[in-house]
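So you can see what is in the structure, the chains are spelled out below.
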Amino acid sequence: MSKRPKRNQISPADVAVQRDIAIEIATLHREKGVTPLAFVDTYGCQQNESDSETIRGYLRDMGYAFTDSEVEADLIIINTCAVRESAENRVWGNVGNLVHTKRDKPEQLIVLCGCMAQQESVAKKVETSFRHVDLVFGPHALWKLPELLKRLMTESGRIVEISNPEGVIAEDLPSLRTEGPSAWLTIMYGCNNYCSYCIVPYVRGRERSREPERILKDVERLVADGVKDITLLGQNVNSYGHDLDDSIDFAWLLEQINAIDGEFLIRFMTSHPKDAGERLFETMARCEKVAKHIHLPVQAGNTRVLETMNRGYTKEGYLDLITAARRYMPDIILTSDIIVGFPGETDEEFEDTLDVLNQVQFDALFTFIFSPRSGTPAAEMDDPFTRAEKQVRFDRLTALQNDISTRRHQDYVGKRVRILVDAVQDDARYPLKGRTAGGRLVRLAGDEALVGEFAEVEIVSASTWSLTGELV
Ligand code: SAH
Ligand code: SF4
Ligand code: F3S
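Not measured: the values here are computed from a predicted model.

Undergrad: Describe the side chain of Ser 466, listing the residues and the values that go with them.
TA: Along the polypeptide, Ser 466 turns up in the loop between strand E18 (454-462) and strand E19 (467-471). Residue classification places Ser 466 among the buried positions, given a relative accessible area of 11%. Beyond its immediate stretch of four places on either side in the chain, Ser 466 contacts His 409, Leu 441 and Arg 443.

Next comes the structure, spelled out in structure tokens:
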């Protein structure tokens, strides 16, 4: 495997140093006879959820127990998202409130990490207006959390660590998984696409694929742990392997994972339409463990808008892709992301988005109103439409999709589906909930012992948001 470039790989020795520091901190806590409490608050996408599992793994190794209370916590780590202004505002609001908890508990440590924290403007804002924050670090410094916390405990003054903006790869970090039969598995980091509205490439660095051997080992370990549902994560999983050997691509990886023994489902997100194609669909159709679901964000239906978004496909190209996917998998579940009110998008151009919805009939959609992100090209573009005008479009879009989702769900009634029962819920009639392979929520009656198991159910009724089933 000679062609593989050296890609800011953190050496095993450097990772080992972090593990040693974690043990050192745990010993200190033990000697003091305390079990400190940590609160990890996570915003944003699955990538952040996965990073928070690493944070919790490190904290466990450092002797921390966990709490959901800001008041009780000795250490608060806020893992942030920068994708829209609303996400950032929520974080600032919550960080602002911590002034009060810290006043009552001056030894409390407050840490801001994740995508927002990678931006220089955020470190500056903390410096001037949020002086109760002790440590700011970006995603590329996650691997050295023990070292950063040790410095915090032994040095005075605030620490900011946002170096290596291109990103690193660190392997063998600890992880404390959220309980349940499902797991996240990062296969690649970063993004090279620079969609003109998006902050992710600036805060998550360049695309870096993990070595396939590592990923396959992780899958084997998760399956041995009883995990039944593994979601492979990357900003654009379809470009997996571009920085590895020529023979390695995402479809190949799916096949390798599919060949691993055990009863489990393979999901993945997110797929970029410009890199998806027949090879992927053919592989998905053939691999029995791969969920027949693809989340394929279209973002907008109009080709001119797609071009200014720098998406790399046209309306017709997208529709052809959907036709191809359905040719290989007639019952495939399709979901997507849409941005309403991209700068300069006219009412007429927005109609193309509605037309795509009507033609494709997505099972579900994630819809957003454009949010200018400072440093991205779209933030500088003329944006003549008001927020109120965009809201009208947004409401039309969601109304149309709700109709479509309801109809798609109605089609399940009377059919049998295999679901993974993933949790109990607070509902006397339907105390269990599960998901179909396509990710549709199913409520059902049954014994708690079913949690974590696959089950055959017959769908007896449906609404816009969920299905109701009975065990067969
Ligand atoms: N890498 C994934 C998604 C990343 S962000 C992809 O390419 O599909 C998740 C979603 O947030 C995007 O698909 C997009 O719909 C939305 N989004 C990203 N930047 C945005 C912005 N500036 N304003 C509004 N929505 C945005
Ligand atoms: Fe953002 Fe585009 Fe990369 Fe997705 S593909 S993370 S939308 S730049
Ligand atoms: Fe947000 Fe970062 Fe994910 S910006 S959407 S948490 S990659």
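Undergrad: I'd like a description of the site of ligand 1, backed by residues and values.
TA: What surrounds ligand 1 is a group of 15 residues, the closest being Arg 84, Gln 235, Gln 299, Asp 337 and Ser 371. At a separation of 3.0 Å, a nitrogen atom of ligand 1 approaches a polar backbone atom of Tyr 197. With respect to ligand 1, the side chain of Gln 299 contributes an N or O atom lying 2.7 Å from an oxygen atom. Burial of ligand 1 by the surrounding chains reaches 89%, relative to a free accessible area of 540 Å². Where the shell around ligand 1 is concerned, the elements lending two or more residues are strand E13 (333-340) and strand E14 (364-369).

Undergrad: Before we move on, can you summarise the site of ligand 3 with the specific residues and values?
TA: Lining the immediate surroundings of ligand 3 are Gly 44, Cys 45, Asn 48, Cys 81, Ala 82, Val 83, Cys 115, Arg 204 and Gln 235. Classifying every residue of the shell around ligand 3 gives five nonpolar, three polar and one charged.

Undergrad: Lay out unusual backbone geometry in plain terms, naming residues and giving numbers.
TA: The omega torsion of the bond from Met 269 to Thr 270 falls at 5 degrees, within 30 degrees of zero and hence cis. Here Thr 270 is to be found in the loop between strand E11 (265-269) and helix H9 (278-286). In this model, Tyr 194 sits at a positive phi of 50 degrees, which is unusual for a non-glycine residue. With respect to the secondary-structure elements, Tyr 194 resides in the loop between strand E8 (188-189) and helix H6 (200-204). At Gln 299, a position not held by glycine, the phi torsion is positive, near 70 degrees. Relative to the helices and strands, Gln 299 resides in the loop between strand E12 (293-295) and helix H10 (303-308).

Cut-offs applied
- Residues numbered from 1 in each chain as written.
- Chains lettered and ligands numbered in written order.
- Predicted model: local features only at pLDDT ≥ 70, side-chain atom pairs only at ≥ 80, totals over all residues.
- Heavy atoms only, no water.
- Helix = DSSP H or I, 4+ residues; strand = E, 2+ residues; numbered from the N terminus.
- Buried < 20%, exposed > 50% of the residue type's maximum accessible area, 1.4 Å probe, protein only.
- Contact = heavy atoms within 4.5 Å.
- Near = heavy atom within 4 Å.
- Polar contact = N/O pair within 3.5 Å; in protein donor to acceptor, adjacent residues only side chain to side chain.
- Areas by Shrake-Rupley, 256 points an atom, 1.4 Å probe, with all protein chains shown as cover.
- Nonpolar A, V, L, I, M, F, W, Y, C, P; charged D, E, K, R; others polar.

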